[in-house]
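Residue-level structure breakdown
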Amino acid sequence: MRLSSRTLVPSLAGALAATLATLWAAAQISVRPDDPSGLSLRERRVRLIHSVSAEVPGTSMHLQQSDPWLAFQRGRSYFFHEWGREDGVFAVATSRFAAATTTSCGMCHNLPFRSPGAGGNTAEPIGHGRNAPHLFGAGLIEMIGDDLRRQLLVAFDTNRNGYLDVPAETAGKRALLEATAGNLVDYGALEDLDGDRRPDLNGLFQVVYVDAQGRALRRDAQGRARRLGDSDLAGYDVLPGVFASSAGDHQIATLRMFQNGVLRTIMGITADDPTCFQGAGEGARREPERVWAERSNAGAVQPNPELLPTTLEALRKMTPLAPGTMSEGEVDLVEWYLLNHPAPALGRQDERTRRGRALLGEMGCASCHVADWQIRAADPATGFAGDRRFFDLAVAWNEATGRLEGRLRPLARQVADPAGPRPETRPETRYEPLRGGFLVEGVFSDFRHHDLGPRFHEHFYARGKLFPLKRFRTPPLWGVGSTAPYGHDGASATLDDVIRRHGGEAESSTAAYLAAPAADREALLAFLDSLVLYQPDVLPADLDGDGRIADPYQVAGLPMGPERFQPELLFRVPPRYRGWTLDDGGERYFSYQLLNLAEAYGEGLAGLIDQDRDGLPDLAEPSRSASLGKEGAADSER
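Bear in mind that the values here come from a model prediction, so they are computed numbers and not experimental data. (Residues numbered from 1 in each chain as written. Predicted model: local features only at pLDDT ≥ 70, side-chain atom pairs only at ≥ 80, totals over all residues. Heavy atoms only, no water.)

Following the criterion strictly, the structure yields 22 aromatic pairs and no others. Measuring from ring centre to ring centre gives 5.6 Å for F72 and F391, while their planes differ by 85°; the resulting arrangement is edge-to-face. Separated by 319 residues along the polypeptide, F72 in helix α3 (residues 68-80) and F391 in strand β17 (residues 391-398) bring together distant segments of the chain. Note on F391: relative accessible area 1%, which makes it buried. Seen in terms of ring centroids, W336 and F390 are 5.3 Å apart; in terms of plane orientation they differ by 0°. Their pairing is stacked. With W336 in helix α9 (residues 328-340) and F390 in the loop between β16 (373-375) and β17, this pair connects stretches of sequence that are 54 residues apart. On the basis of relative accessibility, which here comes to 5%, the residue W336 falls in the buried class. Judged by its relative accessible area of 5%, F390 falls in the buried class. Through a chain of ring-to-ring contacts, the aromatic side chains of W69, F72, F79, F80, W336, Y337, F390, F391 and F565 assemble into a single cluster. Seen from the ring of F438, R389 lies directly overhead, with NZ or CZ sitting 4.4 Å from the centre. (Phe/Tyr/Trp six-rings, centres within 6.5 Å; stacked < 30°, edge-to-face > 60°. Helix = DSSP H or I, 4+ residues; strand = E, 2+ residues; numbered from the N terminus. Buried < 20%, exposed > 50% of the residue type's maximum accessible area, 1.4 Å probe, protein only. Lys NZ or Arg CZ within 6 Å of the ring centre and 35° of its normal.)

What follows concerns the environment of A216. By secondary structure assignment, the location of A216 is in strand β7 (residues 216-217). By relative accessible area, which is 11% here, A216 ends up buried. The sequence separation of A216 and V291 amounts to 75 residues, and the corresponding C-alpha distance is 5.9 Å.

On the basis of which strands lie adjacent, the open sheet formed by four strands has the order β3-β8-β6-β7 and antiparallel pairing. The sheet terminates laterally at β3 (164-165) and β7, the two strands that pair on one side only. The sheet contact formed by β3 and strand β8 (residues 235-240) spans two bridges and is antiparallel. Within the sheet, the bridge partner assigned to L164 lies in β8 and is Y236. (Pairing = 2+ DSSP bridges.)

Following L111, the chain continues into P112 via a peptide bond in cis, with omega recorded as 0°. Within the secondary structure layout, P112 lies in the loop between α4 (105-108) and β1 (121-122). With omega at 5°, the peptide bond leading from V166 into P167 counts as cis. As for its placement among the helices and strands, P167 is situated in the loop between β3 and β4 (174-180). Positive phi, normally seen in glycine, also occurs at R160, with a value near 55°. Mapped onto the elements, R160 comes out in the loop between α5 (138-156) and β3. Phi at R197 is positive, roughly 65°, even though this residue is not glycine. Looking at the element boundaries, R197 is found in the loop between β5 (183-189) and β6 (205-210). Judged by its relative accessible area of 38%, R197 is partly exposed.

The end-to-end C-alpha separation of helix α6 (residues 255-267) is 17 Å, in line with the 18 Å expected for 13 residues at 1.5 Å each. A large share of α6 lies buried, amounting to 11 of its 13 residues. Listing the buried residues of α6 in full gives L255, R256, M257, Q259, N260, G261, L263, R264, T265, I266 and M267. Following α6 by one or two positions, G268 adopts a phi angle in the positive range, close to 75°. (Expected span 1.5 Å × (residues − 1).)

Put into structure tokens, the structure is as follows:
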């Protein structure tokens with residue numbers, strides 16, 4: 001749901017006077033606030049209110065700026081939430097059977113468990129299925145895609161009108177873009193060399209044709225797709241489809257649009273998300289001709305959904321947006337969680353894995369599986385957005401302890417709240433991302449689409465015709481040691497098998513692999529097996545920057561168990577655990593039962609108060625807000 005600050009403020013005084021009722025009696029099975037392991041979801045679902053400022057406590061922008069770790073954890077809870085029919089799950093199953101595949105993001109993305117990890121194959125209407133990828137480091141991939149588009153415009157949009165003029169800025173040009181300084185990747189020609197009246201760009205980039213005012217052109221008066229040479233066509237912009245199912249109709253540029261699409265196509269839930277589907281700012285309607293529309297709270301400009309491929313557009317028409325499913329504020333926090341989620345890790349290295357890493361280059365694999373990418377620092381003059389995350393977690397193998405360990409590095413600065421101290425909370429500071437540059441190491445992808453030969457080709461039958469699908473995006477290799485089966489279709493059970501399947505553009509690399517001594521092949525596979533995922537919430541991690549991982553660990557003088565990457569330990573209000581106690585058999589153990597759940601999770605903040613337990617914040621219910629306002633006025637008179 002979307003309520004502006006102006007809508008909320010009249011109700012604020014009364015709402016702040018209201019007290020939070022007792023803990024709930026029932027919830028989804030995964031929501032167990034008393035769980036002593038601390039691994040279940042803590043908080044009952046509330047349809048979070050979207051806000052574009054931090055003015056109202058408990059709304060999405062307030063949480064992201066004043067308590068970003070709480071926003072991160074709540075986003076995680078929405079990601080793993082088990083949705084029911086009352087939330088709109090399976091609502092479009094009658095028109096798309098795959099929209100009854102699952103009831104939670106965590107059912108497909110769950111390896112390792114309790115992480116946005118990999119999964120098995122998901123249903124796909126064309127019949128082949130799609131291997132569910134992990135989402136570790138997803139925000140970094142989104143930012144790489146944005147940087148690629150920005151590089152293209154900086155290099156070739158010489159008149160700075162926001163698109164590439166045809167032919168003035170495209171004739172004789174190739175999209176040679178940098179992964180890191182001096183390391184160029186070729187994304188094809190900006191002009192039409194094969195005579196099909198389309199730019200010969202790699203399939204990573206979806207082309208959006210525009211007129212001289214930069215307005216998007218879709219079909220002409222006869223309903224035909226636009227092509228170069230149309231009389232009213234002035235140039236084109238591009239959407240970098242870094243999030244993809246590999247099928248050509250599902251190439252998405254942003255995390256937010258990707259998650260909204262998955263909600264519909266896999267779970268049958270329609271998100272009530274004006275950030276993507278309505279327009280910019282305070283209820284304004286979207287201009288349908290704009291290529292890019294509103295910027296999300298997380299800082300990503302969203303593409304106009306009317307320009308997305310036909311499958312998603314058709315789903316929009318079949319399923320009118322309806323409030324009461326997943327709110328815009330909830331979508332804000334899921335995007336925040338995925339933007340900031342840590343990247344995969346490099347596991348234990350030895351002489352053999354180091355040899356395997358070198359072989360990746362010697363066999364030619366690294367020409368497509370490009371190891372590192374540089375995200376450029378924010379620059380208003382060129383439009384680069386910089387690193388929008390608020391933290392980085394560096395995860396590495398510690399030979400001394402024999403385990404993976406993390407080291408937290410803040411990527412945000414604290415600034416004074418311009419509104420000053422609030423009567424209902426302690427004096428606040430806000431967090432602003434530093435927007436610096438960041439080197440993304442070990443992603444191993446060029447994000448281009450390649451033809452890997454007939455063993456990867458697919459044919460699917462639709463509308464009485466057989467359609468070939470031959471080109472697929474290079475999958476990032478980070479985390480590949482934890483994500484069997486392999487291939488976009490999950491058809492290879494082992495890494496050896498999926499390498500042997502490579503042909504076409506990768507024929508020479510496959511030949512080098514097959515001709516190599518067995519020891520070299522084993523070394524390469526050992527290196528790939530060392531690119532791993534992990535369970536973040538139990539990962540030992542240095543949170544406070546003192547150079548060690550404490551056990552026991554304390555925050556504000558309170559015992560927290562061992563120091564680990566548990567977002568609760570970084571909340572503005574520290575958790576108060578039950579601590580050392582005895583189980584029913586008399587065994588001593590540390591209980592993570594949370595004794596101050598309401599305070600730590602912000603349930604007394606105005607935007608999160610839900611006294612009648614209907615899942616709607618009281619501020620979002622006019623009659624409830626009016627009642628609370630009267631109570632607040634009476635309290636103030638007393």
